[in-house]
Amino acid sequence: MPAAKRRAAGSSSSSGNSSSANATYEQPPLQHHADHEQPPEYQQLLQHQHHPHNSHHSSHHSSHLSSHHSNHTQQLQQYHQRQQFQQQATHQQATLRDCSVKLPLDILWLPKSAMRPVGPETSHTDCILVVGVSRPKLAVVFLTVMLISLFLTFHVLYDSAVYNIQAAQAVHERHRLSMLGGMKNGDGRSRMPDGSSTNHLPVFVKPVPSSSQLSHPMVFPSSRVHFPKTSRRLPQALIIGVRKCGTRALLEMLYLHPRIQKAGGEVHFFDRDENYLKGLEWYRKKMPHSFRGQITIEKSPSYFVSPEVPERVRAMNASIKLLLIVREPVTRAISDYTQLRSHAATAILPLAESSAPGSGSDIQPKTAAPSPPLSPSKELLYKKLHAERAYDNALGGSGAGAKEMATKPRGRRAGMPMAMPVTAVATTTPTSAYASAAQMASKSFEELAIFPNGTVNEAYRPLSISMYHVHLHRWLEVFPREQLLVVNGDRLIEDPVSQLKRIEAFLGIEHRVKSEHFYFNETKGFYCLRYDNGDRCLRETKGRKHPHVDPIVVSRLRKFFAEYNQRFYELVGEDLGWPEE
Ligand SMILES: Nc1ncnc2c1ncn2[C@@H]1O[C@H](COP(=O)(O)OS(=O)(=O)O)[C@@H](OP(=O)(O)O)[C@H]1O
């Protein structure tokens, strides 16, 4: 029997037998429905297949029959395949339903088979997670959030980049800023409402009077952003004196160093009770803004001679570094006298106008008649003058100043400087101030320093301050020697760089202040400071012309100081070589 016939006969015999048909056409096992349950299309195909089989047996028809039968078989096979795919799809949908999790965010569990062709390894319980956004509104919200996040990210990055660049420039810009007031300093600085200097602030830092800490002006809290921050810090180093030895020059020269920040004026925190009682927070607010790693320095020359100061300084910071600048004692005393006389002379004119009208010669009026109120500027000058009288004992025991000081407790032989009580300033009349100023201005240094009998007036303040060992002794009772550096003020005038190098080493900062930062000003007779964008000299009150002093008096005083100087050398462990006659 030909193969086609055998296949046809096999087909015929299995027409009502699904299991045999399954074997012949490789029908899937799910094909178990009875023929009558099949749709009309299927019934038609079956009928068409059976009919020719029963009526044609001749051999010449056999090839035609065979091809006809083959067509039907293919159609039947295609039908079964379609059925099979439909069943698989139905099964997948069922599985899909099983895996679906109803969530508002369109998060779906799908069978793996939904993502790749069905393979024999695919299990029906195998699911994968698909997260999709199918709702337009949700998509809009999602996109908006993404855009805002992107904008904020770029904003933060841009902001921080700009801030960092400016922070790096700030150190260099500092020199330019200090030109606004640095060298005029002492007094010509721009000031913030809380009284502190603003001339050290980086250009981009806006002064915020109420805030003690400045941070990057960003939308986020500063604690989260690690950009360079500035804040006011208590000083880590102090220039404690000595008055008229070059304290201002020293501070300004140190300020050339990028690691140094300076308090603008003399704060007088430790030596004036009215300031000290305001507390450390008040003092800190007087300090400049500084970056971490910078050293804040304050100078108040009267610290050196005020007995209560060393202990107070130690209470604030026991490891603070102390800078003491000294100068040949007699020259220092003459410089001190020059300044006092200059202040007295300045005080006389306005005080004469307001407190001695029409009585130019009436220096010491018999009655303390009520005086007309002073203008604010005169009041200030008047207070300054009076404070100076208290400091100075200006007339060395023979004038009004001495009279006043005689009623006050005094220090050792040299006489400790006393801060003028505020009440005393308030109760002193302009007329007595005028008298005092007039006397200050009229006396020569020789008259004030040497008594008529030729002995030295040791109580004269410009002389007693020059007895360095007396004051230094007190400091060394409180601080170890290595915490204090003695700077030679005479050498600072002649060769600033060598002195600054020592100070940089003492402060633990790299050597940055070099000779190119200075130039010698022939007119002034001093070195001036050179900045990137200009040159500055200390103002005219520094480097005043001293009055001529009798060389015999100078020699007399040098001999007098020789013994004190030796004691000072022993204390500091260095011979400064000051002349002894
Ligand atoms: N570079 C430079 N320029 C100007 N002046 C300089 C300089 N270096 C040191 N000196 C000396 O500083 C003296 C003033 O000292 P002080 O600043 O300590 O004075 S004060 O106590 O603050 O009033 C001042 O004293 P006098 O010369 O008596 O005015 C100067 O001699």
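Thresholds applied
Residues numbered from 1 in each chain as written. Predicted model: local features only at pLDDT ≥ 70, side-chain atom pairs only at ≥ 80, totals over all residues. Heavy atoms only, no water. Helix = DSSP H or I, 4+ residues; strand = E, 2+ residues; numbered from the N terminus. Expected span 1.5 Å × (residues − 1). Buried < 20%, exposed > 50% of the residue type's maximum accessible area, 1.4 Å probe, protein only. Salt bridge = Lys/Arg side-chain N within 4 Å of Asp/Glu carboxyl O. Axes fitted to C-alpha atoms, helices over the stretch in contact; angles between N-to-C directions. Parallel < 35°, antiparallel > 145°, perpendicular 65-115°, else oblique. Left-handed = near helix turned anticlockwise from the far one by under 90°. Contact = heavy atoms within 4.5 Å. Pairing = 2+ DSSP bridges. Near = heavy atom within 4 Å. Polar contact = N/O pair within 3.5 Å; in protein donor to acceptor, adjacent residues only side chain to side chain. UniProt positions renumbered as here; feature names shortened; annotations may be inferred.

Quick look at helix α19 (residues 496–507) now. Over its twelve residues, α19 runs 16 Å from end to end, which matches the ideal 16 Å to within 8%, given 1.5 Å per residue. Within the span of α19, buried status applies to Pro496, Val497, Gln499, Leu500, Ile503, Glu504, Phe506 and Leu507. Gly508 occupies a position one or two residues after α19 and carries a positive phi of about 75°.

Before going further, it helps to spend a moment on the pattern of salt bridges. The full count for this structure, using the stated rule, is 14 salt bridges. We note a salt bridge from Glu510 to Arg259, for which the minimum N-O separation is 3.4 Å. Taken as a pair, Glu510 in the loop between α19 and β11 (518–521) and Arg259 in the loop between α6 (247–254) and β6 (260–262) lie far apart in primary sequence, 251 residues in all. A relative accessible area of 38% places Glu510 in the partly exposed class. Close ionic contact of Arg567 with Glu563 constitutes a salt bridge, the shortest N to O distance being 2.5 Å. Within this pair, Arg567 and its partner Glu563 are both found in helix α20 (residues 551–572), separated by four residues, close to a single helical turn.

Packed helix pairs are characterised by how far apart their axes lie and by the angle those axes make with each other. Between α6 and α19, the shortest axis-to-axis distance is 11 Å and the interhelical angle comes to 70°. In terms of axis orientation, α6 runs roughly perpendicular to α19. Note that α6 runs across α19; the crossing there is right-handed. Contacts between α6 and α19 involve Leu250, Met253 and Leu254 on the former and, on the latter, Pro496, Leu500, Ile503 and Leu507.

Attention now moves to the pairing of strand β5 (residues 237–241). Of all five residues in β5, five are buried; the element is thus mostly enclosed. Where β5 and strand β8 (residues 295–299) come together, three bridges link them in parallel fashion. Across the sheet, Ile239 pairs through a bridge with Lys299, a residue of β8. Looking at chain direction, β5 and strand β9 (residues 321–326) are connected through four bridges and run parallel. Counted as the bridge partner of Ala237 is Lys321 from β9.

Most of strand β10 (residues 484–488) is tucked away, with five of its five residues classed as buried. Side chains Leu484, Val486 and Asn488 project from β10 onto one buried face, and the interleaved Leu485 and Val487 project onto a second face that is buried too. Where β9 lies against β10, five bridges are found, and the strand directions are parallel. Bridge pairing in β10 links Val326 to Asn488.

Turning next to the sheet that holds strand β12 (residues 526–531). Spatial strand order, β11-β12-β13: three strands in an open sheet with antiparallel pairing. In the strand order of this sheet, the two ends are held by β11 and β13 (534–536), each with one partner. Put simply, the sheet's adjacent strands are angled 35° from each other on average, direction ignored. Looking at chain direction, β11 and β12 are connected through four bridges and run antiparallel.

Next up on the list: unusual backbone geometry. Note that the residue after Gly241, namely Val242, is joined by a cis bond; omega there is 5°. Here Val242 lies in the loop between β5 and α6. Positioned with a positive phi, Lys244 is a non-glycine residue whose angle comes to about 65°. As for its placement among the helices and strands, Lys244 is situated in the loop between β5 and α6.

Taken together, 23 residues form the shell around the ligand, and within it Thr247, Lys299, Ser335, Gly543 and His546 come nearest. Lys542 places a side-chain nitrogen or oxygen 3.0 Å from an oxygen atom of the ligand. One nitrogen or oxygen atom from the main chain of Arg544 is found 3.0 Å from an oxygen atom belonging to the ligand. Within the residue set of the shell around the ligand, elements represented by two or more residues are α6, α10 (329–355) and β12. Among the elements that line the shell around the ligand, the one with the most residues is α6, at four residues.

A separate point is the UniProt feature "active site" (unreviewed entry) in the protein chain. Here, the residues flagged by UniProt with the feature "active site" (unreviewed entry) are Lys244. In this view, Lys244 contacts Arg327, Arg332, Ser335, Asp336, Gln339, Thr541 and Arg544; residues no more than four positions away in its chain are not counted.

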